[in-house]
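Residue strings, one per chain:
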Amino acid sequence: MKRSILTLALLCAAAPVAAQNAPAPYSVAENGRGYGTLQGAVDAIGEGTGTILIAPGIRRDCAVQGAGRITYRAAMPGRAIFDGGICEGKATLVLRGQAASVDGLIFQNLAVPDGNGAGIRLEHGDLSVANSYFRDSEEGILTADDPGAAIRIDKSTFSNLGRCDRDLSCAHSIYVGDYGALTITRSRFQRGSGGHYVKSIARRIAVTDSSFDDTRGRATNYMIDLPKGATGVIEGNVFVQGRDKENYSAFIAVAAEGREHPSTGLAVRNNDARVGPGIDRSSVFLADWSGDRLQLGANRLGPKLKPFERR
């Protein structure tokens, strides 16, 4: 009996030690220290440059980066999931430092009262996103204006995002403000739930080698909307328009809200676009309100898809 009591006492005493020795969910590569919260790791880097390694797991956490250059990297890509955590009523990551990089993370189930709950809210600085997944939320990435900065997205997926309801302004899979440049490569957009897949006011855009699968979309609009105009290139992408559209009049729209940026030389070429199987309606691949001289190259278009229309 005494031995059993002694054993139980030792186990109880050891339990807090084991908990204390559990690996921290976040660690800063440069100082080797672990942190219990994402904000703690961000604050440790402060105005410097650093990498936060994020352990596998599902966490309702968020952080605000107000300075520095920070990389947010999954220790195991695709296994670090941010689920529903919102800072400042905006997003999981609210970024207004010099620069940020996001690699291998999943953002999901994000909603806020104003209808713009996002994985990333970018308010200032450069942003690079790679190997990441944004899903089942009001918005994937939403930005403010920073004409001197650039955004790059590579090998990432945006699924079941966007909304146009509740008498609120629409949300989109990606909505970029007046940035210097937006580059999207080797990425996938699918199952939109409202709004546009890519809406960008950036002055220069490049969307290449990506796919837009709208066949399971709901009440969606344009696949690429450049509402104020832009220069750059849209090349090597695959577009399939689905049945359930709020606006099926065009796949790509240029300067539909006014000509603030020049679009002369915007190249749209080597894309594959069509309406989904069993859908009997016409649409326009590229609709232009700018009046600028666009460069519409050779594209592979399905039946009832008009290549270009000036509006």
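Predicted, not measured: the structure shown is a model, and the values here were computed from it.

J.: Can you break down the overall build of the protein residue by residue, with the values?
T.: The secondary structure content of the protein amounts to 2 helices and 32 strands. Its C-alpha atoms put the protein at 90 × 45 × 35 Å along the principal axes. Within the protein, buried positions represent 54% of all 311 residues. Counted over contacts in the protein with a minimum sequence separation of 6, partners at least 24 positions apart contribute 69%. Accessible surface, the protein: about 13400 Å² in total, of which carbon and sulfur atoms supply 51%.

J.: Report on the state of the cysteines, specifying residues and quantitative values.
T.: Counted by the stated rule, this structure contains 2 disulfides. What pairs with Cys62 in a disulfide is Cys87, and their sulfur atoms sit 2.1 Å apart. Across the S-S bond of Cys62 and Cys87 the torsion is about 80 degrees, and the bridge reads as right-handed. Here Cys62 is found in the loop between strand 4 (57-59) and strand 5 (63-65), whereas its partner Cys87 is found in the loop between strand 7 (80-83) and strand 8 (91-95), with 25 residues between them in sequence. You'll find Cys62 and Cys87 in the same group, each marked buried. Between the sulfur atoms of Cys164 and its disulfide mate Cys170 the distance is 1.9 Å. Residues Cys164 and Cys170 are joined through a disulfide that is right-handed, its torsion about the S-S bond being 125 degrees. Since its relative accessible area comes to 26%, Cys164 is described here as partly exposed.

J.: Give a detailed account of the nonpolar core, specifying residues and quantitative values.
T.: Grouped together as the largest cluster of nonpolar side chains are 64 residues, with contacts concentrated most on Ile52, Tyr72, Ile120, Leu127 and Phe239. In terms of residues, this core owes the most to one element, helix 2 (residues 38-45), which gives 4 residues. If we skip the residues at most four places from it in the chain, Leu127 touches Leu95, Ala100, Val102, Ile120, Leu122, Ile141, Ala150, Ile151 and Arg152.

J.: I'd like to hear about the pattern of salt bridges, residue by residue, with values.
T.: What the rule picks out here adds up to 23 salt bridges. Where Glu123 meets Lys90, a salt bridge forms, and the shortest distance between an N and an O atom there is 2.7 Å. Separated by 33 residues along the polypeptide, Glu123 in the loop between strand 11 (118-122) and strand 12 (126-130) and Lys90 in the loop between strand 7 and strand 8 bring together distant segments of the chain. Shared partners join several salt bridges into a network, and the residues in it are Glu88, Lys90, Arg96 and Glu123.

J.: Describe the sheet that holds strand 5, with residues and values.
T.: With respect to topology, 10 strands assemble into an open sheet ordered 5-8-11-14-17-20-23-26-29-32, the strand pairing being parallel. Only two strands of the sheet have a single partner each, and these edge strands are strand 5 and strand 32 (305-310). Direction aside, the axes of adjacent strands within the sheet are offset by 10 degrees on average. Contacting strand 5 and strand 8, helix 2 crosses the sheet at an angle of about 15 degrees to strand 5.

J.: Tell me about helix 2, and please be specific about residues and values.
T.: The complete set of buried residues in helix 2 reads Leu38, Ala41, Val42 and Ile45. In an axial view of helix 2, the angular spread of the buried residues amounts to 100 degrees, which keeps them on one side of the axis. Downstream of helix 2 by one or two residues, Gly46 has phi in the positive range, about 55 degrees.

J.: Quick rundown of the packing of aromatic side chains? Include the residues and the values.
T.: Inspection of every chain in the model, using the stated rule, returns 8 aromatic pairs. With a centroid separation of 5.9 Å and 20 degrees between ring planes, the pair formed by Phe82 and Phe107 is classed as stacked. Of this pair, Phe82 sits in strand 7 while Phe107 sits in strand 10 (residues 105-108); the two residues are 25 residues apart in sequence, bridging distant segments of the chain. Phe107 shares its class with Phe82; the two are buried. Aromatic side chains Phe212 and Phe239 sit 4.9 Å apart centroid to centroid with 15 degrees between the ring planes, which places their arrangement in the stacked category.

J.: Quick one: what's the story with the side chain of Asn271, residue by residue and with numbers?
T.: By the element assignment, Asn271 lies in the loop between strand 27 (267-269) and strand 28 (272-275). Within the local environment of Asn271, its side chain forms a polar contact with the backbone oxygen of Arg269, the two atoms lying 3.0 Å apart. Leave out the neighbours within four places in its chain, and Asn271 touches Ile234, Glu235, Gly236, Asn237, Phe239, Phe285, Ala298, Asn299 and Arg300.

J.: Let's hear about the sheet that holds strand 9 (residues 99-103): which residues, and what values?
T.: One open sheet holds the 12 strands; their spatial order is 2-1-3-6-9-12-15-18-21-24-27-30, and the pairing between them is mixed. The two strands at the open ends of the sheet, each matched to only one other strand, are strand 2 (33-35) and strand 30 (295-296). Note: strand 15 (residues 146-154) against strand 18 (residues 179-185), 6 bridges, orientation parallel. Following the sheet pairing, Asp146 is matched in strand 18 by Tyr179. Each of strand 1 (26-28), strand 2, strand 3 (49-54) and strand 6 (69-74) is contacted by helix 2, which is oriented at about 160 degrees to strand 3, the strand it contacts most.

The rules behind each value
Residues numbered from 1 in each chain as written. Predicted model: local features only at pLDDT ≥ 70, side-chain atom pairs only at ≥ 80, totals over all residues. Heavy atoms only, no water. Helix = DSSP H or I, 4+ residues; strand = E, 2+ residues; numbered from the N terminus. Buried < 20%, exposed > 50% of the residue type's maximum accessible area, 1.4 Å probe, protein only. Contact = heavy atoms within 4.5 Å. Areas by Shrake-Rupley, 256 points an atom, 1.4 Å probe, with all protein chains shown as cover. Disulfide = S-S within 2.5 Å. Core = buried A, V, L, I, M, F, W, Y, C linked by side-chain atoms within 4.5 Å. Salt bridge = Lys/Arg side-chain N within 4 Å of Asp/Glu carboxyl O. Pairing = 2+ DSSP bridges. Axes fitted to C-alpha atoms, helices over the stretch in contact; angles between N-to-C directions. Arc of directions from axis to C-beta. Phe/Tyr/Trp six-rings, centres within 6.5 Å; stacked < 30°, edge-to-face > 60°. Polar contact = N/O pair within 3.5 Å; in protein donor to acceptor, adjacent residues only side chain to side chain.

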